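# Structural features, examined
Below are the chains, spelled out letter by letter.
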Amino acid sequence: MTMTTHDASANAATEEPRTGVDIVGLRKRFRAPDGTVVAAVDDVTLHLPRGDFCVLLGPSGCGKTTLLRCLAGLEHPDEGHITIDGQPVFGPGLRTVEPQDRPVGMVFQSYALWPNMTVADNVAFPLTTGPRRNRMSREQIRRRVAEVLAIMGLESHGSRAIGQLSGGQQQRVALARAIVAGTDVVLFDEPLSNIDAKVRETLRRELRAMQQDLGFTAVYVTHDQAEAMELADRITVMRSGRVMQNGAARDIYERPRNRYVAEFIGTANLVPVTSTGDDPHRVTTALGPVRIAEPGPEGPADAPRVVASRSHRWWIDSAERSGDNVWTGEVTNAVFAGSHTEYVVRVGETSVRVWADDDPDLAPGRQVWVGVDPAACVVVLDHD
Ligand SMILES: Nc1ncnc2c1ncn2[C@@H]1O[C@H](COP(=O)(O)OP(=O)(O)OP(=O)(O)O)[C@@H](O)[C@H]1O
């Protein structure tokens, strides 16, 4: 893909101040065939800042697609407010704003292209329907379509039928269609999950570069935490229709709020806290005393807590060591994983997973010393 900035003519439809996406108190329930009610989106309040790449992350069924579809206008929420790019699109007393009248582009997992139209006609579609129809001359549309096809590396494919393209190329067409109108917000519903792994990697990198270059706000649904970490400025972790944590990708990774978030993103050792004393940088755990970077998250004083630390921040050594956050134990398992070797080490009744970059080749049964930098240890809530 080659990069270019938005065409001013295509931005004519977006003259309001650009603010990203604001969601307040949003609820959407579904009634299952057996009569049970599912709270797919359960009192969600979120601000997704303009220009950020925002990922909605969570396991299957947590409500991320429903939330995205509420933004797109494909689901009608039961309660709440949605403002996109400064335009209220849902709220009490507002007339329903139809999907084609919302200031968003959308990319679906299934591409959702018109099979009987050419590539160029598919891409031109948002400019010829909805609020933007008749705003541009045929020549302006032709030029704008050529421009976005060039961004996607599809400049020579405009007159092809959709069926003559590979899956990866079809998704590039869908991306071109989502950005052609120059809307400031683009919604993505697991757009790369039908694409084979190698192409997916390339498209992911290109998508991120394109989003940064064009500067639109991306709201991207995935259940893949590696994909989320690679793409996101901001991650919203969801569970059962609720937001578990929303923040900068690095904060979510380094300072998860609770066990659920720590376990969903990355590999972490979670060791129960058994008591806390007066020193805010020291807790007692199942491993014994642990020095920690900072006191735990807010929450009821008696709420169970665990110390979370990433496996790649641990070290392992066959030679004796001493100091804070150093323990001795026995290797119970060692798995070579290419970029690192994962050791499982039993320390007393607790097992920790340690990722070693240089494989020290320590066989199960071996006595070892393991440890972790206090700066990598944070206290998180054991429950939501
Ligand atoms: N049209 C519907 N009718 C009834 N229940 C629905 C409907 N759409 C979604 N649900 C339910 O709402 C919940 C949230 O679904 P949703 O598709 O938003 O989750 P998700 O996190 O996107 O999952 P996935 O990654 O599998 O798509 C699930 O329990 C789902 O079964």
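Residues numbered from 1 in each chain as written. Predicted model: local features only at pLDDT ≥ 70, side-chain atom pairs only at ≥ 80, totals over all residues. Heavy atoms only, no water.

## Things to note about the site of the ligand
Taken together, Phe30, Val38, Ala40, Pro59, Ser60, Gly61, Cys62, Gly63, Lys64, Thr65, Thr66 and Glu190 are the residues near the ligand. Here an oxygen atom of the ligand and a side-chain polar atom of Ser60 are 2.6 Å apart. Between an oxygen atom of the ligand and a main-chain N or O atom of Cys62, the distance comes to 3.0 Å. Calculation on the ligand without its partners gives an accessible area of 630 Å², and the protein chains cover 61% of this total. Counting only elements with at least two residues in the shell around the ligand, the list comes to strand 2 (37-48) and helix 1 (64-72). By residue number, the principal contributor to the shell around the ligand is helix 1, which donates three residues. (Near = heavy atom within 4 Å. Polar contact = N/O pair within 3.5 Å; in protein donor to acceptor, adjacent residues only side chain to side chain. Areas by Shrake-Rupley, 256 points an atom, 1.4 Å probe, with all protein chains shown as cover. Helix = DSSP H or I, 4+ residues; strand = E, 2+ residues; numbered from the N terminus.)

## Looking at the packing of helix 2 (residues 119-128) against helix 3 (residues 138-151)
At a closest axis distance of 10 Å, the pairing of helix 2 and helix 3 adopts a crossing angle of 120°. Judged by the inter-axis angle, helix 2 sits oblique to helix 3. The two elements helix 2 and helix 3 cross, and the hand of that crossing is right-handed. For the pair helix 2 and helix 3, contact is made by Val119, Ala120, Val123, Ala124, Leu127 and Thr128 and by Ile141, Arg144, Val145, Val148 and Leu149, respectively. For the contact of helix 2 with helix 3, the per-class residue count stands at nine nonpolar, one polar and one charged. (Axes fitted to C-alpha atoms, helices over the stretch in contact; angles between N-to-C directions. Parallel < 35°, antiparallel > 145°, perpendicular 65-115°, else oblique. Left-handed = near helix turned anticlockwise from the far one by under 90°. Contact = heavy atoms within 4.5 Å. Nonpolar A, V, L, I, M, F, W, Y, C, P; charged D, E, K, R; others polar.)

## Some details on unusual backbone geometry
Phi at Glu190 takes a positive value of approximately 40°, unusual for a residue other than glycine. Even without being a glycine, Asn325 presents a positive backbone phi close to 55°. Within the secondary structure layout, Asn325 lies in the loop between strand 15 (314-317) and strand 16 (326-336). Given the relative accessible area of 4%, Asn325 is considered buried. (Buried < 20%, exposed > 50% of the residue type's maximum accessible area, 1.4 Å probe, protein only.)

Worth remembering: the numbers are spatial, not functional.
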